[in-house]
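A closer look at the structure
In case you want the letters, here they are:
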Amino acid sequence: MEYRLAYCGYGEVNWCEALGTVLANDEVVNGVSERGGHPVVKKKLRQWYLRITEYADRLLQGLETIDFSDAMKEMQTNWIGKSYGAEIDFPLTPASPRGGEGPGFRHGAAPLSFGGSNLLDIENAKKMRKEPTEAERILWEELRNRKIEFKFRRQHPVAGFIADFACLEVWLLVEIDGGYHTTPEQKEYDNARNEYLKELGFTTIRFTNEEVINDLQNVLLKIKETADELKAQKQNQGTNADGSSPLGEAGVRVYTTRPDTIFGVDFMVLAPEHELVQKITTQE
């Protein structure tokens, strides 16, 4: 019985009382039969089943030896329904890459802003990107397109502030200070801001305009060294380089017949009975 091709069982079907027959899904439109417009209900009936999924490979191979038209073979292939695709693991991003509570990622008008940012922050960031200082322009040309391995974003909203440059992979912020940052009041404000962001899990390094313009290579070297150190810390703490948890801790595995398009979706719905979803729910 474990190898039977045909067997009897109970299953839910589209039953039309007026026609006295079972209808295929494509014969039902908005709850009524396509022909006649009669009501159709779901009903459990005893019926014969063919285990085509268990014999998909043999059935598909057999089609090659049958003198059917190409159209008929295509129809039978679709009916057999064997799917080809890929399983993709998606690790889940924790609240903070260094443990504890912290800001999470969100989508907004600007890509991947952090919690606490608002529309005014985003609009100000857009304006500042269009009007960079000379030092900001010079440094951006060296940071963009992963020229030092890490991806940076310029004038990026972070927790209610706008960072000159932000590397979300390792939670590194780079600030370029103009002359007004040398005043006691501004220094006090900058220090308080750095401490606040540090509590949230960010590391901030600061340079003056003159350092960027006159000593660019050493500035880049320090940024790269700091990013490498943060990356190593994350790996030692059991997180991935991008700050996310390994699949073994919390993650989901998705099967798709279109792996080339899955990364373009806005959202995915996960079935609650899935074992990985149950594991994640338990951990939360």
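Look up a bit, the structure's there.
First things first, this report covers the structure right here in the doc. (Residues numbered from 1 in each chain as written. Predicted model: local features only at pLDDT ≥ 70, side-chain atom pairs only at ≥ 80, totals over all residues. Heavy atoms only, no water.)

**Some points on the overall build of the protein chain**
Scanning the protein chain from N- to C-terminus turns up eight helices and 13 strands. The burial tally for the protein chain puts 33% of its 284 residues in the buried class. Contacts spanning at least 24 positions in sequence make up 62% of the contacts within the protein chain whose residues lie at least 6 apart. Within the structure as shown, the protein chain displays about 18400 Å² of accessible surface, and the carbon and sulfur contribution to it stands at 51%. (Helix = DSSP H or I, 4+ residues; strand = E, 2+ residues; numbered from the N terminus. Buried < 20%, exposed > 50% of the residue type's maximum accessible area, 1.4 Å probe, protein only. Contact = heavy atoms within 4.5 Å. Areas by Shrake-Rupley, 256 points an atom, 1.4 Å probe, with all protein chains shown as cover.)

**Quick notes on the environment of Val 219**
For Val 219, the position within the fold is in helix 7 (residues 216-236). Take Val 219: its relative accessible area is 4%, and that puts it in the buried class. Separated by 13 residues in the primary sequence, Val 219 and Arg 206 place their C-alpha atoms 9.6 Å from one another. Setting aside its immediate chain neighbours within four residues, Val 219 contacts Leu 139, Phe 207, Glu 211 and Val 212.

**Here's the deal with the sheet that holds strand 2 (residues 21-23)**
Pairing within the open sheet is antiparallel, and its three strands lie in the order 2-1-5. Edge positions in the sheet fall to strand 2 and strand 5 (41-50), since each of these pairs with one other strand and no more. Across the sheet, the axes of successive neighbouring strands diverge by a mean angle of 55°, strand direction being ignored. Relative to strand 2, strand 1 (residues 6-16) runs antiparallel, the two sharing three bridges. From the neighbouring strand, Asn 14 faces strand 2, where its bridge partner is Leu 23. (Pairing = 2+ DSSP bridges. Axes fitted to C-alpha atoms, helices over the stretch in contact; angles between N-to-C directions.)

**Thoughts on the packing of aromatic side chains**
On inspection of all chains with the given rule, the structure shows four aromatic pairs. Arranged with centres 5.5 Å apart and planes meeting at 20°, the rings of Tyr 7 and Tyr 49 form a pair that is stacked. With Tyr 7 in strand 1 and Tyr 49 in strand 5, this pair connects stretches of sequence that are 42 residues apart. By relative accessible area, which is 24% here, Tyr 7 ends up partly exposed. According to the relative accessible area criterion, Tyr 49 is partly exposed, its value standing at 26%. Arranged with centres 6.2 Å apart and planes meeting at 15°, the rings of Trp 140 and Phe 165 form a pair that is stacked. (Phe/Tyr/Trp six-rings, centres within 6.5 Å; stacked < 30°, edge-to-face > 60°.)

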